[in-house]
Amino acid sequence: MGEFTIHNIRFYDFEPKAIQCMAYEDETNRLALSRADGSIEIWNCISRPFMQLVLHGDTHTSIEALQWCKGRLFSAGLNGFLLEHDLATSGVKSCTAVTGGPTWCLALSADKKKLAAGTEEGYVCIFQVLEEGIIYENSLEKQEGRILNICWHCSGDYIVTGSMNCIRVWSLKEGRVTRCSLGQTSGDEEIIVWCVGILDDMTVISGDSRGAICFWNAKLGTVTDVVQTHKADVLCLVVCPDQKSVYAAGIDPVITQVSYVQTGSKKPKGCWMKSVLRSVHTHDVRALALTKDEALFSGGVDTILTMTSYPPKTVIKFPPQLYPGSISVAGEAESILLRYKEHLELWQLGSSSEDSSPSARYLPISQDRVKLLELHCRKDEVIDWCAMSPQAGWIAYIVKGNLRIFQFYPPKLGSHPSVRRVRGISKEIKNSWQVLWLGEARLASASTDGIIQIIALSEMEANLQTNLTVKPGCNVIQMNCNPEGSVLVAVDDSQNVTAFDLDQGTSATLPSYTCPVTAIGVHPSTKDIVVVYSDMMIKEYCLATQRYTPFCREFLSTNSLNSVKRNSVIHNVTFDSRNPNLILLHDDSSIIVLNKTKKITDQNFSKAAKIQCSYSSSDKGGISFYKSSRVNNIGVFSFIKRSNQVIYFSYVKDKSAVSVELNPLQLLDKLPPALKRKKYGGV
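Description of the structure in this document. Quantities reported herein were computed from a predicted structural model and do not represent experimental measurements. Residue positions are given per chain, counting from 1 as you read along its sequence in written order. Restriction of local features to residues with pLDDT of at least 70 applies here, the model being predicted, together with a cutoff of 80 or more for giving and counting side-chain atom pairs; totals for whole chains, interfaces and linings are based on all residues. Hydrogen atoms and water are omitted, and side-chain values are computed over all heavy atoms in the structure.

**What about unusual backbone geometry?**
Okay, so step 1: Of note, the bond from Tyr310 into Pro311 is cis; its omega dihedral lies within 30 degrees of zero at -10°.
Okay, so step 2: Of the consecutive residues Pro311 and Pro312, the connecting peptide bond is found in the cis state with omega at -15°.
Okay, so step 3: With respect to the helices, strands and loops of the structure, Pro312 is situated in the loop between strand S28 (305-309) and strand S29 (314-318).
Okay, so step 4: A positive phi angle, near 65°, is found at Gln495, a position not held by glycine. Here a helix means four or more residues in a row that DSSP labels H or I, a strand means two or more in a row labelled E, and each is numbered from the N terminus.

**Side note on the environment of Ser259**
Okay, so step 1: For Ser259, the location among the structural elements is in strand S24 (residues 255-263).
Okay, so step 2: Spatially, the C-alpha atom of Ser259 lies 5.7 Å from that of Lys244, the residues being 15 residues apart in sequence.
Okay, so step 3: Other than its neighbours up to four places away in sequence, Ser259 contacts Lys244, Ser245, Cys271, Trp272, Met273 and Ser275.
Okay, so step 4: In the analysis that follows, any N or O atom pair within 3.5 Å is treated as a polar contact, provided that within protein one partner can donate a hydrogen and the other can accept it, and provided that, for residues neighboring in sequence, both atoms belong to side chains. Within the local environment of Ser259, its side chain forms a polar contact with the side chain of Ser245, the two groups lying 3.2 Å apart.
Okay, so step 5: Among the polar contacts listed, one links the side chain of Ser259 to the side chain of Gln257, at a separation of 3.5 Å. Any two residues whose heavy atoms approach within 4.5 Å at even a single point are treated as in contact.

**Some thoughts on the packing of aromatic side chains**
Okay, so step 1: Stacked, tilted and edge-to-face pairs are distinguished by plane angle, under 30 degrees for stacked and over 60 for edge-to-face with tilted covering the rest, among Phe, Tyr and Trp rings (Trp via its six-membered ring) whose centres lie within 6.5 Å. Per the stated rule, a full pass over the model turns up 14 aromatic pairs.
Okay, so step 2: Relative to Tyr136, the ring of Phe127 has its centre 5.7 Å away and its plane inclined at 70°; by these criteria the two rings are edge-to-face.
Okay, so step 3: Accessibility here uses a 1.4 Å probe with only protein chains present; expressed as a share of the type maximum, an area under 20% marks a residue as buried, one over 50% as exposed, and anything in between as partly exposed. Residue Phe127 is classed as buried on the basis of its relative accessible area, which comes to 1%.
Okay, so step 4: Seen in terms of ring centroids, Phe637 and Phe639 are 6.4 Å apart; in terms of plane orientation they differ by 40°. Their pairing is tilted.

Listed below in structure tokens is the structure:
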């Protein structure tokens, strides 16, 4: 399988944020979720769910509501504006002010022509959704207290809102409001209605701060059923498509299903009762989203996105993902660039004086890691993307589409490392959201209008060399190249894979596939292109012959990682420059080695005698080399199971590779206290 020295990096302070809200669209199979830092993640749920796009936000603004409408994404928050996001450019397409200040909730009418927004000052604002944009229509009568949640009846004639101590049913045709009062608790504490829903028969459902799910007759304003589902506030609920079940969760993180049950035989009546409980979270659950197939997505303070379904009982957890453009490895310089919100860190990887250690599990570190540079951006700016050249001579990062390039001077005897910014950037260079180094002193920039710009660099200037275009009307979402920078591969938002031979000036479009692309790579010697899809199918394409390689036709077309029954997709593809028959992959929990020389009938398990890495005993972790205890060999694939989450893996140089990992226990230490629940035999 090959011998590798793995630099195990655990000092990267990757701190995921809590999930605030989410929205799912069945027509496009996409899930949008917002986090506490103002960013929005777009998850593609065709086949296996994976994070396809990130919309970076403002850390000073919280997004409280998301809503899909015919493939268009809208959001609202405490800044008091209704935003339409441009998924092609990762920017804001339109911004409309909402009457009443901060906006807490959004709801879409059944005909998908109107949006309703509930605000801090008690206004319900209605907007028309047109092809040209959003147009303000009117505001309903101002009420006392903030509007915390809102939903729209299927007829489009009624709107239900939740506030302090009451639920209001608005009749848009008659212009009247029906108030459903909850009263107060025994301690004269106000009851907060956190979430509401409405059925086709005008039954209103509410979840409140008492931990109860209440069912109301909207016409009379009276309670018909009360189900005590939780021990603390119910923060979110979602109604099943058949309207016979409701899912609810909140500060008490147990997801409870409340179902409608028929009672009596002669005169059938019904009541709502608790049924299935799902304990899949450790902290507050703030958002729920249900698909047409009744797969339930949930998320909250524990930062983990979970998908559950029943029957049969299925629980799939998706740990927080590293945003694209957060880590860049300079293979020739054996350095790694780490992105944080407001600064970059450049580290020199450590080394060991011993090449192998057959008797010991770990190799000793002869030279520890060294921080070479810490580069800060301006105040109140957020770095969206970063990249470093193979020899670590150039650093580029993006802030709100603006490209900034620096030349790095490594430390010498008697001198400290330094950087110098390239000021002379040509006006022909457009705003971009992704960059990739094509060797040294040449840069590929994916602009926000779907053009890939090739930029040539000198000491003080950055000039446009050429423009590359993908399929008309499409925008680039992912790029990769070989180490020399002679072959560039791009994936657009229509899942077309285009390969550019920059030396010969030619391009080719790879055959299309039914599932979206999750990772791409270009082999350093053969220049073959490897594409991995969300159903774990792997395709290898020869750019010279413009057809699939014999290995791909013989093995990969009929045998894929899909047969291994893994829930996580492949995040990155890298190669061993010494051996053209090895392809290195990784998902959330394993490092996967594809060996072309193996026979597909080799279904055996063997001990790992060739995987080594080092370990540093410092509290922050370190760069280490270890020997894996077992390797699971299935056909041409070898799986090296990792105890921590693998957020990045890449080949570096010679026989070394780098693995950036996140310990789940470190994440739990950063979370706030959860609701204390008494357990049998516990305190």
